[in-house]
Structure formats: C-alpha cells, structure tokens
Amino acid sequence: MVASTSLDVVPDDPTAYKTQAYWEDRYKNEDAETTFDWFKTYSDLKPLLDEQIKNKDASILMLGCGNSTLGEDMYKDGYKNITNIDYSATVIENMKKRCADMPEMKWLEMDIRDLKFPDQSFDVVIDKGTMDALMCDRGDVWDPSPELIADVKGEVDEVERVTKVGGVFLYITFGQPHFRKRHLARDCWDIEIKTLGEAFHYFFYIMRKKSA
C-alpha cells in the first residue's frame, strides 16, 4: 500500500473538503492502494478504543472511512463486525477490492447525514475526522454558519438514532471542546473527553447513549 501525507492532498480552498465532488476527484486520481489517515492511526488509538469497546463482537459503524487503514487494522485485531461508509463511490469500490480477504467487513456508499440503517443498529459508531470535513468553513469559528450547524446536526442526529442504548459514539478530532461540545450535546448522553498528544493535542470524545 502507498501512504500519502497531508501535504499531498490539501486543496487550495479548504471548503472543498465539504463537497462530494472533491472526494470523488481525489480518489479517482489516487492509486487504489493509497492509504491516508487523518490525525491518528490504530496503534495510537488502540488503548482508548480497547477501553471503550469491551466486546470484539460489537457491531461497529465507521463514518467517512475514506482509504484509512483504521477499519483494516481493527479487523486484524479481532473486530470483525465493521460496516464502513463513505459518500465517495470510488473509494468504497477501491476498499472493497483492497479488503477482499476480510469478508465480514461491509463497504457501503452513504451520506453520514442520511444513514440507511434502522434505529439502534450499532454498538459503536466511530468518526475519525469526518465531522471536521463538514466544518471546513471560511466563516467565524465562534459563530458558525447556519449551513455548517445544519450539516453537523444532521450527522449527530443520525448517529444518535442508529446507536443502541448502552452503545457509544467515538469522535476523534483536533477540534477543541469549546468548538465541538455545542454540536455534540444531546439529552441521551454525557460527553467525556480525553486528550492525545503533547505539543499538538488531539481530542477523543466519548458519548455513551443512556436512553433512546
């Protein structure tokens, strides 16, 4: 597999990250074996994931999987019941082929704001940087646009709906709590935050669903 760096793929206009067209174009112009991981890899996240996911038979939904190795690495570590979604048809097809030897994993083209799953379908939902793409905006970070607020609400509403009571939503981001908690707050869960890194911090948000 070919690993790429963030410098390889930064668009001139950061709001491009919000568009399906950007991702389709990017994946069509990358080698199908290219991998890219936003923020952290599985080895970095494993202690926190192990702490929150007690059962390796848990049903896991990976939001905006892209060509990250996270799902593959979790699969190799015993998490077999993983459904990966992305709204780029190209990357979903590429990943199906790349992971053909991992038959239990599912790969579906889908928008995170319109999940095609029944209520309470998953024990664990993971977002590693996908919500951050929705938040790419040239506006004031302290006063986000109505469009940005609606997009993120769409994702979080859907995650709340498909997560089982007792299940957990795990969100990995560089977004600091004063910018993110307002979007994540729901009556059905509390928000716990863990910090990763030293000089540059990443944040691991934990939302365990207490009620339907």
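To keep things clear, this report deals only with the structure shown in the data block. (Residues numbered from 1 in each chain as written. Predicted model: local features only at pLDDT ≥ 70, side-chain atom pairs only at ≥ 80, totals over all residues. Heavy atoms only, no water.)

### What about the nonpolar core?
Link 1 in the chain: Residues Leu49, Ile53, Ile60, Met74, Ile126, Leu170 and Phe204 are the most contacted members of the largest nonpolar core, which totals 34 residues.
Link 2 in the chain: If you list the elements that add at least two residues to this core, you get α2 (20-28), α3 (42-52), β3 (60-63), α4 (70-76), α5 (89-98), β6 (122-128), β7 (163-173) and β9 (202-209).
Link 3 in the chain: Of the residues forming this core, the biggest block, 4 residues, is contributed by α3.
Link 4 in the chain: Apart from residues lying up to four places away in sequence, Ile126 is in contact with Leu49, Ile60, Leu61, Met62, Leu63, Leu70, Met74, Leu170 and Ile172.
Link 5 in the chain: Formed by 25 residues, the second largest nonpolar core is a distinct cluster that contains Leu115, Phe117, Phe122 and Leu134. (Core = buried A, V, L, I, M, F, W, Y, C linked by side-chain atoms within 4.5 Å. Buried < 20%, exposed > 50% of the residue type's maximum accessible area, 1.4 Å probe, protein only. Helix = DSSP H or I, 4+ residues; strand = E, 2+ residues; numbered from the N terminus. Contact = heavy atoms within 4.5 Å.)

### Details of the pattern of salt bridges
Link 1 in the chain: The full count for this structure, using the stated rule, is 19 salt bridges.
Link 2 in the chain: Between Glu160 and Arg186 there is a salt bridge, and its shortest N-O distance comes to 3.3 Å. With Glu160 in helix α7 (residues 146-162) and Arg186 in the loop between α8 (177-184) and β8 (189-196), the pair connects residues that are 26 residues apart, well separated along the chain.
Link 3 in the chain: With a relative accessible area of 18%, Arg186 lands in the buried category.
Link 4 in the chain: Salt bridges linked by common partners bring Lys46, Asp50, Lys56 and Asp77 together as one network. (Salt bridge = Lys/Arg side-chain N within 4 Å of Asp/Glu carboxyl O.)

### Here we look at the sheet that holds strand β5 (residues 106-109)
Link 1 in the chain: Strand order across the open sheet formed by 7 strands is β5-β4-β3-β6-β7-β9-β8, with mixed pairing between neighbours. Among the strands making up the open sheet, the edge pair consists of β5 and β8. On average, adjacent strands in this sheet sit at an angle of 20 degrees to one another, irrespective of strand direction.
Link 2 in the chain: Packing of α5 onto the sheet brings it into contact with β4 (82-86) and β5, and relative to β5 it is tilted by some 165 degrees.
Link 3 in the chain: Packing of α8 onto the sheet brings it into contact with β7, β8 and β9, and relative to β9 it is tilted by some 20 degrees. (Pairing = 2+ DSSP bridges. Axes fitted to C-alpha atoms, helices over the stretch in contact; angles between N-to-C directions.)

### A word on the packing of α7 against α8
Link 1 in the chain: Look at α7 against α8: their axes get within 9 Å of each other, and the N-to-C directions meet at 60 degrees. When the axes of α7 and α8 are compared, the pair comes out oblique. Contacts between α7 and α8 involve Leu148, Ile149, Val152 and Val156 from the first element and Arg182, His183 and Leu184 from the second. (Parallel < 35°, antiparallel > 145°, perpendicular 65-115°, else oblique.)

### Details of the side chain of Ser68
Link 1 in the chain: Structurally, Ser68 is set in the loop between β3 and α4.
Link 2 in the chain: Residue classification places Ser68 among the buried residues on the basis of a relative accessible area of 12%.
Link 3 in the chain: A polar atom in the side chain of Ser68 sits 2.9 Å from the backbone nitrogen of Leu70.
Link 4 in the chain: Setting aside residues up to four positions removed in sequence, Ser68 forms contacts with Phe36, Asp37, Met95, Arg98 and Lys128. (Polar contact = N/O pair within 3.5 Å; in protein donor to acceptor, adjacent residues only side chain to side chain.)

### Some words on the side chain of Thr83
Link 1 in the chain: The topology assignment puts Thr83 in strand β4.
Link 2 in the chain: Setting aside residues up to four positions removed in sequence, Thr83 forms contacts with Ile60, Leu61, Met62, Lys106, Leu108, Phe117 and Phe122.

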